[in-house]
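Take a look at the letters that make up each chain.
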Amino acid sequence: MPGWLERVKADYLQRRISRHDIEEIYDTAVKAAIKDQEIAGLDVITDGEVRRDNMVDYFIERFSGIQIDRSSKKYYYDFYDTTVRSKLPTTSLGLVPDYTVLRSFTDRMTKFCITGPHCLTKRINNQFYPTEEALAMDLARIMNLELKALVKAGCEIIQIDEPYYSGFPEDLEWGVNVINTLVQGVDARIGLHICYGNRYGKPSWEGSYRYLFPAILEAKVSQLTLEFARRGGEAQVPVDRDGEREAVVPLREAAEQRHAGRGLHHVRRGVAEGLLEQLPRGADRVARCFAAGTKAGHGAGELFRRLRVGQTRDRFQRGDGEDHRIQPLIIPELGEVEADRRGLGP
């Protein structure tokens, strides 16, 4: 988030500027985010999520029936205290106008990110529904209509963010059922992003993604995007007791049925870093995971070194001086796996 935009958000929270003014500023910030991504050579463009104070309040504020304590938020990035005391009515969440700004200023493929019902449920004080699962199911039912509206407006890719699975793995079985309710009948490419949190620049939990399998394979999504840079502990790619690359295990299982994306970039570092360079002791194992390179015939190590923050290009030069398009990576253990170049993290 640019510093100037943080100051504007703080001013709005303190009622120093009007809603009209901040919406104009948001539109300008979205255009800048689009331009940055296009210059970087990204094929799939988002709005940069610049309108969002955080990944929860942007959505919770839109539900009728959720009571919000406006005095509970002292800084824009804080969460509101929220409570539900009755059944949530079915109403529009009003996401389409925000998406339409993105669609209007790029001719490239677009993606819109949605915070999933499981995560939202963990931030709501539930005083009505018998279980968290019941609340999440109702959130999913309402959000399902909004996803269909986004697709009708032209959205090709929808990403669902569910960082709280890693903190509450016992919820995974019903969490998958909620995801399937959320995406039922949504005619778009659906990605599911799972991580270990990054609140205030720190991972919320530690661990591996083994808990996801095989249950996560029942989710009716076409892509799993797992973040590997911010899981707590040391910044390296661990190896399990049998010498298996821990990162490859979930990707192999996922790739049998869907695309897999692997996040490696440390989103809180304010420098342009290579994706291998930020994992000094695990870089060799990462390189071997992607050792087959691209269809263009270029080594994956060189490819990733060129995928730098703010400097990504969809073309690069090999030793022959010619331009070559970056293609999906070929991993011997997995088959073809899409390279996620959005930012590789939440």
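The coordinates are above.
These numbers come from a predicted model, not from an experiment. (Residues numbered from 1 in each chain as written. Predicted model: local features only at pLDDT ≥ 70, side-chain atom pairs only at ≥ 80, totals over all residues. Heavy atoms only, no water.)

Side note on the packing of aromatic side chains
The geometry of an aromatic ring pair is captured by two quantities: the separation of the ring centres and the angle between the planes. Under the defined criterion, the tally for this structure stands at seven aromatic pairs. Measuring from centroid to centroid gives 5.0 Å for F128 and Y129, while their planes differ by 90°, and the two rings are edge-to-face. Judged by its relative accessible area of 42%, F128 falls in the partly exposed class. Each member of the aromatic cluster is reached from another via a ring pair, and the members are Y75, Y76 and Y77. Above the ring of Y80, the side-chain terminus of K73 is found at 4.5 Å from the ring centroid. (Phe/Tyr/Trp six-rings, centres within 6.5 Å; stacked < 30°, edge-to-face > 60°. Buried < 20%, exposed > 50% of the residue type's maximum accessible area, 1.4 Å probe, protein only. Lys NZ or Arg CZ within 6 Å of the ring centre and 35° of its normal.)

Looking at the packing of helix α1 (residues 3-13) against helix α2 (residues 19-40)
α2 packs onto α1 with a crossing angle of 160° between their chain directions and a minimal axis gap of 10 Å. By the angle between their directions, the pair α1 and α2 is classed as roughly antiparallel. Pair α1 / α2 crosses with left-handed handedness. Every residue of α2 that contacts α1 at W4, L5, V8, K9 and Y12 is listed here: R19, I22, I25, Y26 and A29. For the contact of α1 with α2, the residue count by class is eight nonpolar, no polar and two charged. (Axes fitted to C-alpha atoms, helices over the stretch in contact; angles between N-to-C directions. Helix = DSSP H or I, 4+ residues; strand = E, 2+ residues; numbered from the N terminus. Parallel < 35°, antiparallel > 145°, perpendicular 65-115°, else oblique. Left-handed = near helix turned anticlockwise from the far one by under 90°. Contact = heavy atoms within 4.5 Å. Nonpolar A, V, L, I, M, F, W, Y, C, P; charged D, E, K, R; others polar.)

What about unusual backbone geometry?
Between F213 and the following residue, P214, the backbone shows a cis peptide bond with an omega angle of 5°. Among the secondary structure elements, P214 is positioned in the loop between β7 (189-194) and β8 (223-227). The phi dihedral of R15 falls on the positive side, at around 60°, and the residue is not glycine. With respect to the helices, strands and loops of the structure, R15 is situated in the loop between α1 and α2. Despite not being glycine, E49 shows a phi value in the positive range, around 55°. Relative to the helices and strands, E49 resides in the loop between β1 (44-45) and α3 (57-60). For E49, a relative accessible area of 25% gives the class partly exposed.

Quick look at the side chain of E162
Positionally, E162 belongs in the loop between β6 (157-161) and α7 (172-183). One buried charged side chain, E162, makes no salt bridge at all; its nearest oppositely charged neighbour is K122, positioned 9.6 Å away. Discounting chain neighbours no more than four positions away, the residues touching E162 are G116, P117, H118, C119, I179, L192, H193, I194 and C195. (Lys, Arg positive; Asp, Glu negative; His and termini not counted. Salt bridge = Lys/Arg side-chain N within 4 Å of Asp/Glu carboxyl O.)

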